[in-house]
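Results of the structural survey
In case you want the letters, here they are:
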Amino acid sequence: MANKKIEVEVAEAFGREFVKGNLPEINPIRCLGCSNCVALCKKLGPNVLEIVDGIAKVVRPENCIGDGACMNACPTKAIFLMSRHDPKNPPESV
Ligand code: SF4
């Protein structure tokens, strides 16, 4: 097994360090558009998500600290993964 080193950007929040660059993947079939994830992310500070056409979307990927709070806020598990993606081309579904 080869060792792989990557350089990461770290965000400090809530007294902890988070690796930046991971974004939530939102399953549009499961998303109810309830805004739980949007409201929590906004309340916590990053404000990454918005409801667009009735579905949660990553609209400010540069703000995401990858804490995964949105995953726990979702009643349908529509946000199932936090994955590394190009911030200019954020994921819309899994
Ligand atoms: S919490 Fe889940 S169901 Fe509600 S808007 Fe966000 S992704 Fe959709």
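Here is a short report on the structure shown in this document. Since this is a predicted model, take the numbers as computed values, not measurements.

**Some remarks on the overall build of the protein chain**
The helix and strand tally for the protein chain stands at 2 helices and 6 strands. Listing every helix and strand of the protein chain by position from the N terminus yields β-β-β-α-β-β-α-β. Here the C-alpha radius of gyration of the protein chain, 13 Å, is about what a compact globule of 94 residues would show, namely 12 Å. Viewed in the frame of its principal axes, the protein chain has a C-alpha envelope of about 40 × 30 × 25 Å. Expressed as a percentage of its 94 residues, the buried residues of the protein chain come to 22%. Of all intrachain contacts in the protein chain linking residues separated by at least 6 positions in sequence, the fraction that spans at least 24 positions is 60%.

**Description of the nonpolar core**
If you look at the biggest cluster of nonpolar residues, it comprises 16 residues, and the most contacted ones within it are Cys37, Cys41, Leu49, Cys70, Cys74 and Ile79. For this core, the secondary structure elements donating two or more residues are β3 (22-26), α1 (36-44), β5 (55-58) and α2 (69-73). Sorting elements by how many residues they give to this core places α1 first, with 3 residues. If sequence neighbours within four positions are ignored, Ile79 has contacts with Pro24, Glu25, Ile26, Cys37, Cys70, Met71 and Cys74.

**Quick word on the environment of Glu12**
Note on placement: Glu12 falls in strand β1 (residues 10-13). For the pair Glu12 and Ile29, spaced 17 residues apart in sequence, the C-alpha separation works out to 33 Å.

**Examining the site of the ligand**
Taken together, 14 residues sit near the ligand, with Cys31, Cys34, Asn36, Cys37 and Cys74 positioned nearest. Looking at the shell around the ligand residue by residue, the class counts come to 10 nonpolar, 4 polar and no charged.

Analysis parameters
One numbering rule holds for all chains: residues counted from 1, following each sequence as written. Reporting of local features is limited, given that this is a predicted model, to residues whose pLDDT is at least 70; pairs of side-chain atoms are given and counted only at 80 or more, and all residues count toward the totals for whole chains, interfaces and linings. For helices the rule is a DSSP run of H or I covering at least 4 residues; for strands it is a run of E covering at least 2, with both sets numbered from the N terminus onward. Radius of gyration: C-alpha atoms only; globule rule: 2.2 Å multiplied by the number of residues to the exponent 0.38. The exposure label follows from counting other C-beta atoms within 10 Å of a residue's C-beta, where the C-beta atoms are placed from the backbone and the thresholds are 20 or more for buried and 12 or fewer for exposed, leaving partly exposed in between. We call two residues in contact whenever the C-beta atoms placed from their backbones are within 7 Å. Each nonpolar core comprises buried Ala, Val, Leu, Ile, Met, Phe, Trp, Tyr and Cys residues, the members being joined through C-beta atoms within 7 Å. Being near a molecule or strand means, for a residue, that its C-beta atom, positioned from the backbone, comes within 6 Å of it. Three classes are used: nonpolar for Ala, Val, Leu, Ile, Met, Phe, Trp, Tyr, Cys and Pro, charged for Asp, Glu, Lys and Arg, and polar for all others, with Gly counted as polar.

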